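# Results of the structural survey
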Amino acid sequence: MSKYLPTIGLEIHTELNTKTKIFCRCLNDSFEKNPNINICPICLAHPGVLPTINKKAVELVLKLGLALNSCVPEISKFDRKSYFYPDLPKGYQISQYDLPLCIGGYLDFSNGLQMTSNESRMISDESLINNNSNKIRENVLEENSRRIRIRRIHLEEDTARLIHNNSLDVLKPLVSLVDFNRAGVPLMELVTEPDIKNAKEAVAFAKELQLILRYLEISNADMEKGQMRVEVNISLSQISNFKSQKLGTKVEIKNLNSFRAVEKAIEYEIERQTKVLESGKKIIQETRGWDDVEDITVPQREKEEAHDYRYLPEPDLPQIIFSNFARISNKTKRISENNSNLFADKSINFIDFERLKIETSELPAQKRIRFSKEYGLMSDQIEILVENKFFAQYFEESVSELLNKLSNDTRINSDDTQITNLLFDKNSISFGEDSRKNIIQLLYNYFSSDLRGLMNEHKIKLEDLKITPKNFSDLIVLIFIGHLSSRSAKDILKEMLLTGRNSSQITGERGLKQISDEKIIEQVIEEAVSENLKAIEDYKNGKENAIQFLVGQIMKKLKGRANPQILRKLLENYLSSRS
């Protein structure tokens, strides 16, 4: 067991989803392939130019702050952070120092443990349905959660991008080129408190933050495209000294662009620092980079302190006084109730905090709990839905359509009437709580496996999907009541995907409706048995494969459309009566 305890904090940079850059009107286009297209004198730092603040960028940072329980100060300001690097046009970066947009807060997230199938079955047990089963679920989720405190969230401008020619061709010079398209892109930086204990927690935190950023449409947060970058601050302290808060020397690992890199870099750095300390040497406070080929950290420079950056208030940008914005917002609201023409001047510029709060109404954590309560799904199933906001929305709309069909008073059009009549036919299945859970589970299985698999196979995005939630739920009903076999359902789903037609049309045209009528199946059983008397003798002599042979013969006569469960049950009953 190691005698050193790691202390880890993260600094996460995220490019924001704004149309323009932070201090000018140049396009914020991360997909621009041609270098130096989206540039102007402001983002190139020409003498005499004046920046202006992008209100949308400020709102996006505040939205995250509200989602993470941060405090918004009465006053915020921008500062000049001075350091030299070839991709920094001005020789300083406009950032924030002592008065950021958001202060404090926290993020709760799963520590990586999933609710097991046994736990889920226990919670779903009929005996617990009326005895606080939802509370049990919440307790399981809470036990598997961690809370990491947020120190600050601030706004700054991104740097340009360096393109290095490292060719081994002696005829090509080793040069570095600068693409200024990224210079001035609004960049949000979130700094955690040093609450993280290990590499897996760091990755879990970063993944949950990425999910929140996407849910709130603050950023696409694609790490491969550089839209989200993680920096790790890590130190080791002796366990005996930890209670006295005597922490070790901090090392920063810069610009990690994948979750794998975050995990590997932390694990490597813990091992490296442990070896240094055990050898009797001291850790140097420095900035290190990550070599993803060798899977090691490498020294870059000695770590700067805050005073090395010579922070000073940005003289070309005004302070942001949020208390004034709030007063203007309230005043505008009161006056607009009496006269809608007043305050129509767009120069009246305020932050609508109430709107921002509404837009953060349901985050991934709340959605997980609700999906567990409402749909009875296991945590790993919920995670598949929650990891994509639009998948979760499609699933919910499909379930909503499904539950409408389970309502006796649902009569919308001929298709709905047909399916609803089938659902509530006296000879069909009755829908209690168990049936409701089973049909939702069936819908989930076809959505998460079959539908998503087809979408991946045909490279179809959700926004281009031709299958509406209503049509998808219609298909699930036909499967559930036994009118479609699993094999037929998969073929129909594929045709729905490619054509956009509904399941009833395709089923009728192709004659794929599954046969569940017991009288029809019994009649065919008698025909098949009379034609295969040897199989009957084999069955009587204990040869179990004889029954499978007869099932095959009956299916052949019914063109594979017999309900297999009903067929098997009726055949076994028939053979038992002949024994």
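A short tour of the structure in this document, coming up. (Residues numbered from 1 in each chain as written. Predicted model: local features only at pLDDT ≥ 70, side-chain atom pairs only at ≥ 80, totals over all residues. Heavy atoms only, no water.)

### A closer look at the sheet that holds strand 15 (residues 312-313)
- If you walk across this open sheet you meet the three strands as 4-3-15, and the pairing is antiparallel. Since the sheet does not close on itself, it has two edges, and those belong to strand 4 (92-95) and strand 15, each with one partner.
- Alignment of strand 3 (residues 79-82) against strand 4, held across four bridges, turns out to be antiparallel. Note on strand 4: the bridge partner recorded for Lys 81 is Gln 93. (Pairing = 2+ DSSP bridges. Helix = DSSP H or I, 4+ residues; strand = E, 2+ residues; numbered from the N terminus.)

### Some remarks on empty space enclosed by the protein
- The tally for this structure, following the rule as stated, stands at two cavities of 30 Å³ or more.
- The volume enclosed by the largest cavity comes to roughly 90 Å³.
- Looking at the largest cavity, the residues that line it are Glu 15, Asn 28, Asp 29, Ser 30, Glu 32, Arg 161, Asp 179, Asn 181, Arg 182 and Val 185.
- Per-class residue counts for the lining of the largest cavity are one nonpolar, three polar and six charged.
- Taken as a whole, the second largest cavity holds about 30 Å³ of empty space.
- Lining the second largest cavity, in full, are Cys 43, Leu 88, Pro 89, Lys 90, Glu 157, Asp 158, Ala 183 and Gly 184.
- Residues belonging to the lining of the second largest cavity are distributed by class as follows: four nonpolar, one polar and three charged. (1 Å grid on protein atoms, 1.4 Å probe; cavity = no way out; pocket = protein on both sides within 12 Å on 5 of 7 lines; lining within 4 Å. Points joined across faces, edges and corners; volume = space filled by probe spheres on them. Nonpolar A, V, L, I, M, F, W, Y, C, P; charged D, E, K, R; others polar.)

### Here's the deal with the environment of Asn 438
- The topology assignment puts Asn 438 in helix 13 (residues 433-457).
- Take Asn 438: its relative accessible area is 47%, and that puts it in the partly exposed class.
- For the pair Asn 438 and Phe 480, spaced 42 residues apart in sequence, the C-alpha separation works out to 8.8 Å. (Buried < 20%, exposed > 50% of the residue type's maximum accessible area, 1.4 Å probe, protein only.)

### As for a negative patch on the surface
- A cluster of acidic side chains, namely Asp 517, Glu 522, Glu 526 and Glu 527, defines a negative patch on the protein surface.
- By the element assignment, Glu 522 lies in helix 17 (residues 518-531).
- For Glu 522, a relative accessible area of 37% gives the class partly exposed. (Patch = residues over 30% accessible without salt bridge, like charges linked within 9 Å, V, L, I, M, F, W, Y side chains within 5 Å. Areas by Shrake-Rupley, 256 points an atom, 1.4 Å probe, with all protein chains shown as cover. Salt bridge = Lys/Arg side-chain N within 4 Å of Asp/Glu carboxyl O. Lys, Arg positive; Asp, Glu negative; His and termini not counted. Charge placed at Lys NZ, Arg CZ, Asp CG, Glu CD.)

### Concerning the packing of aromatic side chains
- For the coordinates displayed, the defined rule picks out 15 aromatic pairs.
- For the ring pair Phe 23 and Phe 78, a centre distance of 5.6 Å and an interplane angle of 85 degrees mean the geometry is edge-to-face. A residue pair is termed long-range when its members are at least 10 positions apart, and Phe 23 in the loop between strand 1 (4-15) and helix 1 (55-67) and Phe 78 in the loop between strand 2 (75-76) and strand 3 qualify at 55 residues.
- Using a relative accessible area of 3% as the deciding quantity, one classes Phe 23 as buried.
- Phe 78 gets classed as buried once you look at its relative accessible area, which sits at 2%.
- Following the ring pairs from residue to residue traces out a cluster consisting of Phe 371, Tyr 375, Phe 391, Tyr 394, Phe 395, Tyr 444, Phe 447 and Phe 472.
- Over the ring of Tyr 309 we find Lys 81, and its NZ or CZ is 4.5 Å from the ring centre.
- Stacked on the ring of Tyr 106, the Lys or Arg Arg 147 has its end atom at 3.8 Å from the ring centre. (Phe/Tyr/Trp six-rings, centres within 6.5 Å; stacked < 30°, edge-to-face > 60°. Lys NZ or Arg CZ within 6 Å of the ring centre and 35° of its normal.)

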